[in-house]
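# Report on the structure
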Amino acid sequence: MLRQETIVALASPEGMGAIHVIRMSGEEAIAIANECFQGTSLLDVPSHSAHYGYFVDRSNAKAIQRIDEVLITVFRSPKSFTTEDCVEISCHGSMVIAQKIINTLIQAGAVPAEAGEFTLRAFLHGRIDLTQAEAVADLIASKSEHDRTIALNQMRGGFRNQLKNLRSELVKFKALVELELDFGEEDVEFAERQDLLDLIAQIRSVIKPLAESFTLGNVIKEGLVTVIAGKPNAGKSTLLNALLRDNRAIVSNIAGTTRDTIEEVIQFEGFRLRLIDTAGLRESDDIIEQVGVAKAKEELAKAQLMLYVFDAGQESPHSVRKHVESLNHDSAVILIGNKMDECDDTEVWQEAFPESTLVSLTQEAEDGISLIQDKIIAVLQGLGDIHSDVILTNSRHVYSLKEALASMEKVEQALKLGLTGDLLSSDIQQSLNALGNITGEVTNDEVLGYIFSKFCIGK
Ligand SMILES: Nc1nc2c(ncn2[C@@H]2O[C@H](COP(=O)(O)OP(=O)(O)O)[C@@H](O)[C@H]2O)c(=O)[nH]1
Ligand SMILES: [Mg+2]
């Protein structure tokens, strides 16, 4: 998996920008960069220092070609991202220049890096663990403020530390139980059963909220799936456009105008909302509209939030209630009574649905939208505490945590039933594996190590 070559790649996004950054890592990184640099000799400069000069192509010794004015930063092993010697070259932000620089470096001995290879090296050299490696990917892909904060936190290892502590407690636990097995016939109990039960309860109380934080974490990472639903002509597309502050969807008084689903993403309070406008829900003879309605129902089934829009001038509380109930979804619902300007009796609605938001999206759009946004914020806040130390955003982690939880429950059962140590220890091992899966740690040697280092049984 780990090759020895010095790797090189563009570290900044492709396209035009103020600058581009080219990254190189490996034993030869500094020598190769020096080969292509007109300025101070990079061979002896200290780590973490930046040097101004010209990037040059010396392949034709008679005509040294200046490619760009650059700034080269040198990071010496082991104090670099990959722990290898690393060099970062900042050049002007043209792809032509960046490509030329990369090609010159390849000619001078580097090889093109593969996707994720810098991070892979950091992991294989033990600089970061798996959760941190994943967090690097998350950080790069982060699309909202909260997304970024969490990835950064995970990369710093907050999450790993918590898991590591848990695991070492478990290792201790297992070592004690296995020690009893070694003394099988003497009927000793090194592991105090009540202490073990307490420990399990404590561990579970940490893992459980961690696993549950995924609801929020997933919304932060993927965006809140928000479906705008309701009957035709209620004002759904008007709402989409108002939330987007853009004329994205066609609005007309012809029922059945929106026949396909339209999806747009907005940034909102540090979150992302995936807003989906749908075809009005009704029985229709139009085949395309029928497909649209079916798609709308599919989206509703996946929705985490439904913005249900109804025409307050046309509908009755009874018809609205019936329709909302018939949609049969698990998501949070915000009821929006629209076209209040055409409604004579506001009180009817206030009484029937005190929790609803009554607006006129074409008359007092700003007021209406800010009322709806307040409701959306409340839904987002209900998902969990955004400021909590660790929020899981990775489904692989959640899966492993749930496995750990399930095996902890088994351990608890085994303890309560007074099952033998070998069964107990295998259940504990499962929890250890599940937790170890997340950080990429190996488990069995650890347990052995613990027994020998702490107990010196000298057999
Ligand atoms: N009077 C009035 N008309 C509105 C209001 N909101 C939307 N409309 C009109 O209702 C019609 C249907 O709106 P549209 O957003 O296309 O509804 P959709 O079928 O649910 O997407 C359009 O002619 C809109 O201009 C409102 O608050 N008051
Ligand atoms: Mg529409």
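This text goes with the structure placed above it.
Per-chain numbering applies: the sequence of each chain, read as written, is numbered from 1 onward. The order in which chains are written sets their letters, starting at A; the order in which ligands are written sets their numbers, starting at 1. Where totals are concerned, whole chains, interfaces and linings use all residues; where local detail is concerned, this predicted model gives features only for residues with pLDDT of at least 70, and gives and counts side-chain atom pairs only at 80 or more.

## A short note on the overall build of the protein chain
- Regarding its fold elements, the protein chain presents 16 helices and 13 strands.
- By the convention adopted here, residues are in contact when the distance between their C-beta atoms, placed from the backbone, does not exceed 7 Å. Partitioning the contacts of the protein chain with sequence separation of at least 6, the portion at a separation of at least 24 is 63%. Working definition: helices are DSSP H or I runs of at least four residues, strands are E runs of at least two. Numbering for both runs from the N terminus.

## Quick look at the sheet that holds strand 8 (residues 224-230)
- Two strands pair under a simple rule: DSSP has to find at least two bridges between them. In space, the six strands of this open sheet follow the order 9-10-8-11-12-13, with mixed pairing throughout. Every other strand in the sheet has two partners, leaving strand 9 (262-268) and strand 13 (357-358) as the edge strands with one partner each.
- In the packing of helix 9 (residues 236-244) onto the sheet, contacts are made with strand 8, strand 9, strand 10 (271-277), strand 11 (305-311) and strand 12 (332-338), and the angle to strand 10 comes to roughly 155 degrees. Only C-alpha atoms enter the line fits that serve as axes; for helices the fit covers just the stretch in contact. Angles between N-to-C directions range over 0 to 180 degrees.

## What about the nonpolar core?
- Definition of nonpolar core: a set of buried Ala, Val, Leu, Ile, Met, Phe, Trp, Tyr and Cys residues joined via C-beta atoms within 7 Å. Counting other C-beta atoms within 10 Å of each residue's C-beta, where C-beta atoms are placed from the backbone, gives the exposure class: buried for 20 or more, exposed for 12 or fewer, partly exposed between. Ranked by size, the top nonpolar core spans 62 residues in total, and within it Ile228, Leu307 and Ile336 carry the most contacts.
- When residues of this core are sorted by domain, at least three fall in each of domain 2 (158-213 + 391-455) and domain 3 (220-381).
- Those residues in contact with Ile228 that sit more than four places away from it in its chain are Lys236, Leu239, Leu240, Leu275, Ile276, Asp277, Thr278, Leu307 and Val309.
- The next biggest cluster of nonpolar side chains, apart from the first, holds 30 residues, and it includes Val8, Met24, Ile32 and Ile128. Those domain boundaries reflect an automatic or database domain assignment.

## Things to note about the site of ligand 1
- Whether a residue is near a molecule or strand depends on its C-beta atom, generated from backbone atoms, being within 6 Å of that molecule or strand. Taken together, 22 residues surround ligand 1, and among them Gly235, Lys236, Ser237, Thr238 and Asn253 come closest.
- Top element by residues in the shell around ligand 1 is helix 9. It accounts for three residues.
- Classifying every residue of the shell around ligand 1 gives four nonpolar, 14 polar and four charged. Three categories are distinguished: nonpolar for Ala, Val, Leu, Ile, Met, Phe, Trp, Tyr, Cys and Pro, charged for Asp, Glu, Lys and Arg, and polar for the others, with Gly belonging to the last.

## Remarks on the pairing of strand 8
- Summarising burial for strand 8: six of the seven residues are buried, a large majority.
- Pairing analysis gives five bridges linking strand 8 to strand 11, with the strands arranged parallel. Residue pairing across strands places Ala229 opposite Tyr308, the latter belonging to strand 11.

## Side note on the pairing of strand 1 (residues 7-10)
- Bridge count between strand 1 and strand 2 (residues 19-25): four bridges; the pairing is antiparallel. Bridge pairing in strand 2 places Leu10 opposite Ile22.
- For strand 1 and strand 7 (residues 111-112), the ladder comprises two bridges, and the chain directions are parallel. Note on strand 7: the bridge partner recorded for Val8 is Pro112.

## Things to note about the sheet that holds strand 3 (residues 37-38)
- Spatially, seven strands are ordered 3-4-5-6-2-1-7 in an open sheet, and the strand pairing comes out mixed. Looking at strand neighbours, the two that pair on one side only are strand 3 and strand 7, the edges of this open sheet.
- Strand contacts of helix 2 (residues 95-107): strand 1, strand 2, strand 4 (49-57), strand 5 (65-75), strand 6 (86-92) and strand 7, with the helix running at about 75 degrees to strand 5, the strand carrying the most contacts.

## A few points about unusual backbone geometry
- Between Ser77 and the following residue, Pro78, the backbone shows a cis peptide bond with an omega angle of 0 degrees.
- You can see Pro78 is positioned in the loop between strand 5 and strand 6.
- Of note in this structure, His48 is not a glycine but carries a positive phi near 55 degrees.
- Its location among the elements puts His48 in the loop between strand 3 and strand 4.
- Despite not being glycine, Asn233 has its phi angle at roughly 70 degrees, a positive value.
- Considering the arrangement of structural elements, one finds Asn233 in the loop between strand 8 and helix 9.

## Some words on the environment of Gly368
- Within the element layout of this structure, Gly368 appears in helix 13 (residues 365-381).
- Placed 126 residues apart in sequence, Gly368 and Ala242 show a C-alpha to C-alpha distance of 9.4 Å.
- Residues in contact with Gly368, not counting those within four places in the same chain, are Val359, Ser360 and Leu361.

## Topic: the environment of Asn218
- Tracing the backbone through its elements, the reader meets Asn218 in helix 8 (residues 214-222).
- When the 19 C-beta atoms within 10 Å are taken as the criterion, Asn218 is described as partly exposed.
- Taking the C-alpha atoms as reference points, Asn218 and Ile391, separated by 173 residues in sequence, lie 9.2 Å from one another.

## Comments concerning the environment of Ala365
- Tracing the chain through its elements places Ala365 in helix 13.
- Counting along the chain gives 127 residues from Ala365 to Thr238, while the straight-line C-alpha distance between them is 9.5 Å.

Limitation: the analysis is restricted to geometry and does not speak to function.
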